[in-house]
Structure formats: C-alpha cells, structure tokens
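# Observations on the three-dimensional arrangement
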Amino acid sequence: MWGLFEAGTNMLMVGVHGPKTPCEEVYVKHMGNRMYNVTYTVKEQGDYILIVKWGDDNVPGSPFHVTVP
C-alpha cells in the first residue's frame, strides 16, 4: 500500500512491501517545516522494503531494508 501526501509540485510516496504482501496500512502526516511523520504496522516477521519517493525520485537511502524479528 502507498501513503500519499501532496506538497508543492511533487508528491511524497511511501510504500512498505513485506515477505508475502504489501503493508496494509501506511500513514503519512505533514508535521510542518518540510517534515513528515510516517507510521506503518506490520503483522509478520521477516524482511521488508520501505520505499520513500519525492515525485519520481527516491529520497536518499531509499529503498530501506527493515527486518522484523
């Protein structure tokens, strides 16, 4: 699932993909001053990929690899 937040001429997109399926709930909240709070909940152990894009470009470091023990 993708969380979307439109800002200026670009859009912030956040996606979390797990071992079997995409994450069902991703929340993006604009905190002001070009800062965002991203919250997601996973239900399974395993390796996840967190992708964060600003428009068509990955933010520095994205995609991020997250392991849920």
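Going along each chain's sequence as written, the residues are numbered from 1 onward. Predicted model: local features are reported for residues with pLDDT of at least 70 only, side-chain atom pairs are reported and counted for 80 or more only, and whole-chain, interface and lining totals are derived from all residues. Based on all heavy atoms of the structure, the side-chain values leave hydrogens and waters out of the count.

With that settled, consider the nonpolar core. L12, V14, V16, C23, V26, V28, Y48, L50 and V52 form the largest nonpolar core, which has nine residues in total. Broken down by secondary-structure element, the contributors of at least two residues to this core are β2 (10-17), β3 (26-32) and β5 (46-54). Should any heavy atoms of two residues lie within 4.5 Å, those residues are considered in contact. Apart from the residues within four sequence positions on either side, Y48 is in contact with V16, H17, G18, P19, V42, K43, F64, H65, V66 and V68. Nonpolar core, defined: a set of buried Ala, Val, Leu, Ile, Met, Phe, Trp, Tyr and Cys residues in which side-chain atoms within 4.5 Å join the residues together. In this scheme, a residue with accessible area under 20% of its type's maximum is buried, one over 50% is exposed, and one in between is partly exposed, where area comes from a 1.4 Å probe on protein chains only. Here a strand is any run of E in DSSP of at least two residues, a helix any run of H or I of at least four, and the numbering for each starts at the N terminus.

A word on the packing of aromatic side chains. Think of it this way: a Phe, Tyr or Trp ring, Trp meaning its six-membered ring, pairs with another when their centres are within 6.5 Å, and the plane angle makes it stacked under 30 degrees, edge-to-face over 60, tilted otherwise. Counting across every chain of the model gives one aromatic pair. Between Y36 and W54, the ring centres sit 6.5 Å apart and the planes meet at 50 degrees, which makes this aromatic pair tilted. Of this pair, Y36 sits in strand β4 (residues 35-40) while W54 sits in strand β5, and the two are 18 residues apart along the sequence. Residue W54 is classed as partly exposed on the basis of its relative accessible area, which comes to 33%.

This part takes up the layout of surface pockets. One water molecule sets the probe size; rolling that probe over the atoms shows where empty space is left. Think of a 1 Å grid over the protein atoms and nothing else: a 1.4 Å probe that fits but is trapped marks a cavity, an open set flanked by protein within 12 Å on at least five of seven lines marks a pocket, and residues with an atom within 4 Å of a point count as lining. Grid points are joined across faces, edges and corners, and a volume is the space filled by probe spheres set on the points. Put simply, the largest pocket is a space of about 190 Å³. Put simply, Ala, Val, Leu, Ile, Met, Phe, Trp, Tyr, Cys and Pro go in the nonpolar bin, Asp, Glu, Lys and Arg in the charged bin, and everything else, Gly too, in the polar bin. Taken together, the residues of the lining of the largest pocket break down into five nonpolar, three polar and five charged.

Along the chain, the position of Q45 falls in the loop between β4 and β5. In this structure, the C-alpha to C-alpha distance between Q45 and P69, residues 24 residues apart in sequence, is 5.6 Å. Beyond its immediate chain neighbours, meaning those up to four positions away, Q45 contacts P19, V68 and P69. Any pair of nitrogen or oxygen atoms within 3.5 Å is treated as a polar contact; in protein, a donor-acceptor pairing is required on top of that, and neighbouring residues in sequence qualify only through side-chain atoms on both sides. For Q45, the side chain forms a polar contact with the main-chain oxygen of P69, separated by 3.1 Å.

Now for the side chain of S62. As for its position among the elements, S62 is in the loop between β6 (57-58) and β7 (64-68). Given the relative accessible area of 11%, S62 is considered buried. If sequence neighbours within four positions are ignored, S62 has contacts with L50, I51 and V52.

The next point concerns unusual backbone geometry. In this model, S62 is joined to P63 through a cis peptide bond whose omega is 5 degrees. Within the fold, P63 resides in the loop between β6 and β7.

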